[in-house]
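Listed here are the chains, written in short residue letters.
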Amino acid sequence: MPTEKKISSASDCINAMVEGSELKKVRSNARVYHRYFLLDADMQSLRWEPSKKESEKAKIDIKSVKEVRTGKNTDIFRTNGVYEQISEDCAFSIIYGENYESLDLVANSADVANVWVTGLRYLISYGKQTLDMIESSQNSMRISWLSDLFSETDVNGAEHIALGTAVQLIKTLNPGLKNVKIELKFKEFHKAKDNVVTKEEFIEVFHELCTRPEIYFLLVQFSSNKEFLDAKDLMMFLEAEQGMAHVNEDTSLEIIQKYEPSKKGQQKGWLSLDGFTKYLMSHECHIFDPEHKNVCQEMHQPLSHYYLNASHNTYLIEDQFRGPSDITGYIRALKMGCRSVEVDVWDGPDNEPVIYTGHTMTSQIVFRSVIDIINKYAFVASEYPLIICLENHCSIKQQKVMFQHLKKILGDKLYTELPNAEESYLPSPYALKGKILLKAKKLAANCTSPEGDVTDEDEGAEMSQKAGNEAGEHPNFVTQKTFQLCKDLSDMVSLCKSVTFKDFQLSFQNQKYWETCSFNEVLATGYANEHPGDFVNYNKKFLARVYPSPMRIDSSNMNPQDFWKCGCQIVAMNFQTPGLMMDLNIGWFRQNGNCGYVLRPAIMREEVSYFSANTKDSVPGVSPQLLHIKIISGQNFPKPKGSGSKGDVVDPYVYVEIHGIPADCAEQRTKTINQNGDNPIFDESFEFQINLPELAMVRFVVLDDDYIGDEFIGQYTIPFECLQPGFRHVPLQSLTGEMLPHAWIFVHVAMTNRRGGGKPHKRGLSVKKGKKSREYATMRILVVKAVDEVFKNALQPLREATDLRENMQMIQTSRTLIENADGVYEKIMQCQKAAMEFHENLHHIAAKEGLKGRKLHKAVESFTWNITILKGQADLLKHAKNEVLENLKQIHYAALTCDLSKLSIGSTESSKARRSLGAIPEKLTGDEESADRDKDFVLQRSVAR
């Protein structure tokens, strides 16, 4: 069977076709026949059996084949009743004869389909000379490259090398292979004669162990019936699949020179299968967008507009009740980009404060040594502000010692400026670069005595009590006590004064922007479920810290997404405990250069916007995106560390998980591949609708279906915004976060609103709704006549905006969008501006209309909903216009590149046309003059054609 042999050339495909394979023959009216298809040895005809037809009629002359079409792209496929049950990757059609009949076939796997499609296309192009033609550019490039390597190793010219040397040479070329497997493969070919390897044996073993058929089939899709990619082929791949903009032949040649191993390929500008494999395995084809490896988000917004990477009980390296305390906990957290660490300080011996979890059996470390470590590592991973959450339980005497240590060790790094009463929001992370903030209790502003009484939430006592309580007792309480606070220490606290939370309405009325509340996980969950809108609005201005339930004495972690969706900025995690929750935390904070700060979604920051954390539907004002992920293959999956299964071979399968708001949470899994951890082929596609992309994460998990004790092989978690489209490799990490050497998943990614990812249907365009079934944004009624009249005026422009965006695929309708977008956008913004004039006095106006209590609250909620809809739809329309301009610019550029433009006929006119591309800016803006220039240029040059 073709899948049993490594396919790396068209001749391999044709040989497999001669051997034959079982395919399903699809006919109309849901009829499907199982037939055995094979290519005649003389390569003149394609036959199938058994058949009711005469043997001479149950065949197709290869010369009569007009086209080989992939996927379910004929009328018979589309009208057949089993259409939905057939995999797109396994289906193909042979179009033949003068009447263009179709033979519609379905293979048992994508690999088998690829073999037939590739082989037939070569036969159509080259006929009987196919095998001679592919004698083969690809193989000759591979053979010449490997021959050179072999000769360099065979320094004595003996025409053989030692077995051990050959094993190491293969290992160098493919580091993921195990020595034992390489040696075993050599012995299969060589029969262990004298422990030496010839050049032919070396090349054959490389072919068997290092060929990846899934990459070969990808290469031939773009190779124009060649066994390599030339500069134009590669250019097409980079643009269509990898989403690279402004690609030219020089870009392709640079990649070829960098990754092609054969001298022949480098000289001719050809990328062989081995060069293509090397390129796809490189960091350039990593799934993580390299733009996000550096700080790429705006850092000038108020501190409350960001999520912070936060640690709970940072000093612990094991459990919360009996575990040891150690300064390495701070070193680890700070090196990981943590921007909020916790110190629980108690009176210690010799007048030196110590850190541990009070009322527990955890060990103690000296306060001074912890502050030393924090000072040393505070800004190693990030230059942005660090918050020390100081849980102070010390006497006045030792508080003064704390003050001296903080002042002496941290010095100017400690931010102690008084908050500005004229401001409404905290300073930005950028404004606080290099500063350390203390989050702690603070004396009242009018307190003039050297010390004063404050209340303290004693988390340690809470946890100790929980540990001793019987199961089933209600956990929702906070232990409080009164103690005295040293004024010098109090004055060190400026922007993060800890206060006790009572309820949202009191906070909205009385809380100062520099005051911060801490929430027990259970309490925060209650607010998230019962008051999701209020919680989001509260976090627009104030910092909220959520810490784990005291029931988690094993240091297990809560799900940070449960609180990020409410806008909670500081979700404190037990960094010492690996697993899903820490995977989410680590993955989330990768997206902004791992600086410890991530800008929250716009809908959670804007003063007037509607968002409910528990929404199970699309988000008003946010365009959902479709995410297509195909799990193609895996490489070098290790055995699970804790597994007791026999042998080293695994039976892997892959889970794809989406984490985010409730409407986005989903998971899908592949089938299990038995007894193959080296290069399992999955070839399964999944689709997810992402309603709030800014808060979504994708997690790939590889598990072993044949395990004893432990099934976990590896995982990788990535924010949706960091995904790169196209063919990408996903690196796998161990349970504790270390990279698994040479272990990867090979995937294809496509997103609705992201360049790249192949055909339009893969980016979600095929699921655009028809005009009759279109969903239009709706306005809510406030029952406040004057305000409702304003929002009523927005209904028509909102419908127009939706129609313009949904019709943007076609060139003519794209022209309509470009011409009308600005006018519709302006109408929507005028309605929003008119409505916002009611904002400050909305409560008063609604009260005059007789609204109060629940009805008043509903009216205010409807107002924010409508404003969110207006702003969101206006932004989507602007984005659609820019996308259309960019698409038309790419069409025009492609036309010039391929000499399809009328202007390209004369060399002078052609050069003028190429120079005029400068009229289209690299980055489109909303500037009216620039947009008009773009519109005129693109429409004249592209639409007219």
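Before reading further, recall that the structure is shown in the block above.
Report on the accompanying structure. Here the structure is a predicted model, which is why all the values come from computation and not from measurement.

Okay, the overall build of the protein chain next. Within the protein chain one finds 31 helices and 30 strands. Burial analysis of the protein chain (945 residues in total) assigns 55% to the buried set. Taking as baseline every contact in the protein chain between residues at least 6 positions apart, the subset at least 24 positions apart corresponds to 70%. Looking at the protein chain as shown, the accessible area adds up to about 41,700 Å², and 49% of this sits on carbon and sulfur atoms.

Now for the packing of aromatic side chains. Enumeration over the complete set of coordinates arrives at 34 aromatic pairs. Aromatic side chains Phe237 and Phe276 sit 5.2 Å apart centroid to centroid with 80° between the ring planes, which places their arrangement in the edge-to-face category. On the criterion of sequence distance, the pair formed by Phe237 in helix α10 (residues 231-240) and Phe276 in helix α13 (residues 273-280) is long-range, its members being 39 residues apart. As far as the burial class goes, Phe237 and Phe276 line up, both buried. When the ring centre of Tyr100 is taken as reference, the NZ or CZ atom of Lys66 above it lies at 5.9 Å.

Core analysis: the biggest nonpolar cluster contains 78 residues, and Tyr330, Val343, Ile355, Ile374, Leu489, Phe519 and Phe535 have the highest contact counts within it. Of all hydrophobic cores here, the second largest spans 56 residues; its members include Leu23, Ala58, Ile62 and Phe746.

Here Glu49 and Pro50 are connected by a cis peptide whose omega angle stands at -5°. Positive phi is not limited to glycine here, since Asn594 has a value of about 50°. Following the sequence through the fold, Asn594 ends up in the loop between α23 (580-588) and β22 (597-599). Residue classification places Asn594 among the partly exposed residues on the basis of a relative accessible area of 28%.

This part covers the environment of Leu804. Along the chain, Leu804 falls in helix α26 (residues 795-806). With a relative accessible area of 11%, Leu804 lands in the buried category. Through-space distance from the C-alpha of Leu804 to that of Ala880 is 8.5 Å; in sequence the pair is 76 residues apart. The contacts of Leu804, once residues within four sequence positions are left out, are Thr816, Leu817, Asn820, Ala821, Val824 and Leu877.

Moving on to the side chain of Thr864. For Thr864, the position within the fold is in helix α29 (residues 853-897). The class for Thr864 is buried, based on a relative accessible area of 17%. If sequence neighbours within four positions are ignored, Thr864 has contacts with Val608, Ser609 and Tyr610.

Reading the values: rules and limits
- Residues numbered from 1 in each chain as written.
- Predicted model: local features only at pLDDT ≥ 70, side-chain atom pairs only at ≥ 80, totals over all residues.
- Heavy atoms only, no water.
- Helix = DSSP H or I, 4+ residues; strand = E, 2+ residues; numbered from the N terminus.
- Buried < 20%, exposed > 50% of the residue type's maximum accessible area, 1.4 Å probe, protein only.
- Contact = heavy atoms within 4.5 Å.
- Areas by Shrake-Rupley, 256 points an atom, 1.4 Å probe, with all protein chains shown as cover.
- Phe/Tyr/Trp six-rings, centres within 6.5 Å; stacked < 30°, edge-to-face > 60°.
- Lys NZ or Arg CZ within 6 Å of the ring centre and 35° of its normal.
- Core = buried A, V, L, I, M, F, W, Y, C linked by side-chain atoms within 4.5 Å.

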